[in-house]
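# Understanding the architecture of this molecule
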There are 2 protein chains.
Amino acid sequence: MEKRKIADINISVECVVFGYDNNRLKVLLIEQKPPPNGQLSIDSLQASIPGDLMLASESIDQCLHRILKEYLGAAPEFLKQFHVFANPSRMKGLIDKDWHRQFRSHHDKPVIALTWYALVQMNNFNPEIESVGAKAIWLDIAKVEDLVLDHNLILKKAISELREDLLHYDIGLEILPDKFTLSQLQNLYEIIADEQLDKRNFRKMIKKMDNLIALNEKQQGVLHKPAQLFRYNKVKKELM
Amino acid sequence: MEKRKIADINISVECVVFGYDNNRLKVLLIEQKPPPNGQLSIDSLQASIPGDLMLASESIDQCLHRILKEYLGAAPEFLKQFHVFANPSRMKGLIDKDWHRQFRSHHDKPVIALTWYALVQMNNFNPEIESVGAKAIWLDIAKVEDLVLDHNLILKKAISELREDLLHYDIGLEILPDKFTLSQLQNLYEIIADEQLDKRNFRKMIKKMDNLIALNEKQQGVLHKPAQLFRYNKVKKELM
DNA sequence: ACAAAAGTGTTGGAGATACACCCATGA
DNA sequence: TCATGGGTGTATCTCCAACACTTTTGT
């Protein structure tokens, strides 16, 4: 084989984590804290999607789980890889390069990002704690502003992937609290599908699911007729 | 940031190229020729999917196009990225390692494969020529045997991806010759979907496509009633 | 005339859509 | 008693699936 120079690049793993609370679809974002040594040239710190470069000691999967452990405390059950971001211009601007040097690596190697999205029940995870050097926050997806690098694009693509997956997986099982009302479930579907649904038709549709269980229990403390609570009968499904 | 060792890996780009001929779905495979210096420890050379490591001088896209140029002579119009193969065991066996050292790189770094599939009109490409050090052949997908590394898995995943995409893209437009009969089109759909279709229902379905044009032309030299020929009205579609 | 594939419509059923009123609770 | 969201059934329409015979050509 002729002599040739193989590309020297880094791999990053990024995971868009979705949660649901108070009738809003939320995404987990990381705000880095400026380091004490103060070498930082970035004025206003933009938030990022949880992620990191893959380390020499780990596989892709291990890297993904390390990231989730760090920011969520544990790995969610629902994880799906959805895209590769390899556009050379994804880390072009000076601010992006500063951010990357500061929080990821001093190398200037190109980075190819492998991206997953995760669905979590927000009450089972408590990332509101501040971890070392970073703060995790849940933000309404409608209120996300400028993120670092191409993370807005990654988020956008994750949402569109989630939308496509809406009818293929039991999204509600993964993201709703253990007990929920049918209106909550419908609201979740409406947010993800980005369209209004007819209440009666929606109920006909979801009542075909045989893993949806009606409980002998009702909402409490609401200003109207209390809704019946439901839960999912959790059956493990295989993801690819 | 603490000191930490970033993973040192290589990226490979692999492209499963599908063609259609004589009522058979075909895939382009590469048979490497043993090099003259004879350092090869591999007895029977297995075929591989066209691909290569990404080089330092190129982007992912450039790498993909270099590979397609080398084996096809040109880049197909339809290209879709479909998966990332990063399982550490994908290059585990001794034969795999030998093959990789011989034809890809002497490094023993882990390789993450980014995979595309392509659809081509076989009569517009002529890869039957022998390029330097390798021979390209079209093989009926039903007759593919052992490939190198995890390329059987990559092919299998490509086929299942193609199957899922069958109803979302005009597969026939990309892969059939310019003029074709409705029976050819139906046969193509049947091979990909792996099920028999009803002729009348199929025609009802595909005649909804407004980019399918009936020609004033018929098949020639067949032993039965000659079929009408059709073509697609090519309208550029955007892939993601 | 025969062999071989081309070409062509209708019907029934399932599933999706559209739509409006009464109910239970807390304030 | 009022405000709020919870809960329910029917009629229509659209789409899909099943199904068989006639036509045109070459030999």
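Residues numbered from 1 in each chain as written. Chains lettered and ligands numbered in written order. Predicted model: local features only at pLDDT ≥ 70, side-chain atom pairs only at ≥ 80, totals over all residues.

Let us now look at the protein's contact with DNA strand D. As a matter of local geometry, DNA strand D sits amid 19 residues, with A:Ser183, A:Arg200, A:His224, A:Lys225 and B:Lys225 nearest to it. For the surface near DNA strand D, a count of residues per class yields five nonpolar, six polar and eight charged. (Near = placed C-beta within 6 Å. Nonpolar A, V, L, I, M, F, W, Y, C, P; charged D, E, K, R; others polar.)

Mapping chain A onto chain B leaves a residual RMSD of 0.1 Å; the transformation is a rotation of 179° accompanied by 0.0 Å of translation along its axis. Such a combination of turn and shift is consistent with a two-fold rotation axis. (Least-squares fit on C-alpha atoms with pLDDT ≥ 70 in both.)

Here the focus is the confidence of the model for chain A. Overall, the predicted model of chain A reaches an average pLDDT of 91, with 90% of residues at or above 70. Within chain A, strand S6 (residues 130–131) of chain A has the poorest average pLDDT of any element, 63, and strand S5 (residues 111–119) of chain A the best, 98. (pLDDT = per-residue confidence, 0-100. Helix = DSSP H or I, 4+ residues; strand = E, 2+ residues; numbered from the N terminus.)

What follows concerns the protein's contact with DNA strand C. Near DNA strand C, the surroundings consist of 21 residues, among which A:Lys225, B:Ser183, B:Arg200, B:His224 and B:Gln228 are the closest. Mapped onto the surface near DNA strand C, the elements with two or more residues apiece are helix H6 (199–206) of chain A together with helix H5 (182–193) and helix H6 (199–206) of chain B.

This part is about the interface of chain A and chain B. At the junction of the two partners, chain A supplies 25 residues and chain B supplies 25 residues. When residues of the side of chain A that touches chain B are traced back to their parent elements, those giving at least two are strand S1 (10–21), strand S4 (78–85) and S5 of chain A. Tallied by class, the residues present in the side of chain A that touches chain B amount to 16 nonpolar, six polar and three charged. (Contact = placed C-beta atoms within 7 Å.)

Quick look at the environment of A:Asp146 now. All names here are of chain A. Of note, Asp-146 is situated in the loop between strand S7 (134–140) and helix H3 (151–165). We classify Asp-146 as exposed; it has 10 C-beta atoms within 10 Å. A sequence separation of 98 residues divides Asp-146 from Ser-48, and the C-alpha atoms of the two residues are 9.0 Å apart. With residues near it in sequence (within four places) discarded, Asp-146 still touches Gln-46 and Asn-152. (Buried ≥ 20, exposed ≤ 12 C-beta atoms within 10 Å, placed from the backbone.)

All names here are of chain A. The first and last C-alpha atoms of helix H1 (residues 60–72) sit 18 Å apart over 13 residues, in line with the 18 Å expected at 1.5 Å per residue. Of all the positions in H1, only Ile-60, Cys-63, Leu-64, Ile-67, Leu-68, Tyr-71 and Leu-72 are classed as buried. End-on view of H1: buried residues confined to an arc of 130°, all on one side of the axis. Directly beyond the C-terminal end of H1, a positive phi value near 95° is found at Gly-73. (Expected span 1.5 Å × (residues − 1). Arc of directions from axis to C-beta.)

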